Amino acid sequence: MTQPVIEVRNLTKVYAGEGDAEVRALDGLDLTVRQGEYVALMGASGSGKSTLMHIIGCLDRPTSGEYWLAGADTQALNEDELARIRGERIGFVFQAFNLLPRTTALENAALPLVYQGVPAAERAERAAAALERVGLGDRLGHKPNELSGGQKQRVAIARALVQDPAVLLADEPTGNLDSRSTADILNLFDELHAEGRTIMLVTHEDEVGARAERVIWMRDGRIVPREGVAVGGTA
Ligand code: ADP
Ligand code: MG
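If you look the chain up in an unreviewed UniProt entry, it shows as ABC transport system ATP-binding protein from Deinococcus enclensis.

1. Re the overall build of the chain
Scanning the chain for helices and strands turns up seven helices and ten strands. The C-alpha radius of gyration of the chain comes to 18 Å, within 12% of the 18 Å expected for a compact globule of 235 residues. Principal-axis analysis of the C-alpha atoms gives the chain an extent of 50 × 45 × 40 Å. Look at the contacts in the chain between residues 6 or more apart in sequence, and 69% of them connect residues 24 or more apart. By element, 46% of the accessible surface of the chain is carried by carbon and sulfur atoms, the whole surface being about 11300 Å². Charged side chains in the chain number 25 positive and 34 negative. The centres of these two groups are separated by 2 Å.

2. Brief notes about the sheet that holds strand E1 (residues 4-16)
In spatial order, the strands read E2-E1-E4-E5; together these four strands make up an open sheet with antiparallel pairing. Bordering the open sheet on either side are strand E2 (22-34) and strand E5 (72-73), each of which pairs with just one other strand. For E1 and strand E4 (residues 64-69), the ladder comprises five bridges, and the chain directions are antiparallel. Opposite Val8, over in E4, you have Tyr67 as the bridge partner.

3. Some thoughts on the site of ligand 1
In the region of ligand 1, the neighbouring residues are Tyr15, Val23, Ala25, Ala44, Ser45, Gly46, Ser47, Gly48, Lys49, Ser50 and Thr51. Between ligand 1 and the protein, one listed contact pairs an oxygen atom with a side-chain N or O atom of Lys49 at 2.8 Å. Within the backbone of Ser50, an N or O atom sits 2.9 Å from an oxygen atom of ligand 1. Isolated, ligand 1 exposes 560 Å² of accessible area, and the fraction of that covered by the protein chains is 59%. At the level of secondary structure, the elements contributing two or more residues to the shell around ligand 1 comprise E2 and helix H1 (49-56).

The rules behind these values
- Residues numbered from 1 in each chain as written.
- Chains lettered and ligands numbered in written order.
- Predicted model: local features only at pLDDT ≥ 70, side-chain atom pairs only at ≥ 80, totals over all residues.
- Heavy atoms only, no water.
- Helix = DSSP H or I, 4+ residues; strand = E, 2+ residues; numbered from the N terminus.
- Rg over C-alpha atoms; globule rule 2.2 N^0.38 Å.
- Contact = heavy atoms within 4.5 Å.
- Areas by Shrake-Rupley, 256 points an atom, 1.4 Å probe, with all protein chains shown as cover.
- Lys, Arg positive; Asp, Glu negative; His and termini not counted.
- Charge placed at Lys NZ, Arg CZ, Asp CG, Glu CD.
- Pairing = 2+ DSSP bridges.
- Near = heavy atom within 4 Å.
- Polar contact = N/O pair within 3.5 Å; in protein donor to acceptor, adjacent residues only side chain to side chain.

Encoded structure:
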């Protein structure tokens, strides 16, 4: 067994709702993901998948519970430390790509390195290598509006890989793509997994989930043994 990369214990996230109502988006959730695993997170809309991914991606914090990332207790970190660990350990891919418009593929892929203070020449070299890795070595100077949906998502994956993160997180990465681009992106994830990368993706498509080694089902802010079974459990 490899080392755990993600360890979540009794995690809750409560959002303030209208008036007195609160939403328990995560309701006491336990999860371990080990180095090199490829995991798909599935479940109905509103079951808490994105909330969990944002906490695992250090984009948000839980209301209570523990989250250990690569052995580090994220609860003990202040905002600057959390931002740094996010930059170093996490690559996040969004459904809507979230690329900067009017900015080349090279500059988009290099962006995380700007925040880390990496010198310009090294940024360009590493971003070009990441784009090469996702099959866009001939598109470095293209802007998002000059790229197809599948190519935009490849740029976003290159941006996520540029710092060689411990874990690649993707929230419905193929949700905006046609079937051919979806197949391309899934093949790329298979390759990255075969290279030893840890991947966790959210999907509501069975054929996407079937590509992962393990499917984790969520319902009402908990992990359940399989689709539609309303029993709390661990995975
Ligand atoms: P999923 O990604 O599985 O569709 P989400 O994690 O987006 O689920 O949402 C889980 C629950 O939390 C839903 O009931 C949603 O309405 C609620 N929720 C998500 N984000 C917020 C927020 N920022 N404020 C209030 N409620 C939220
Ligand atoms: Mg979601």
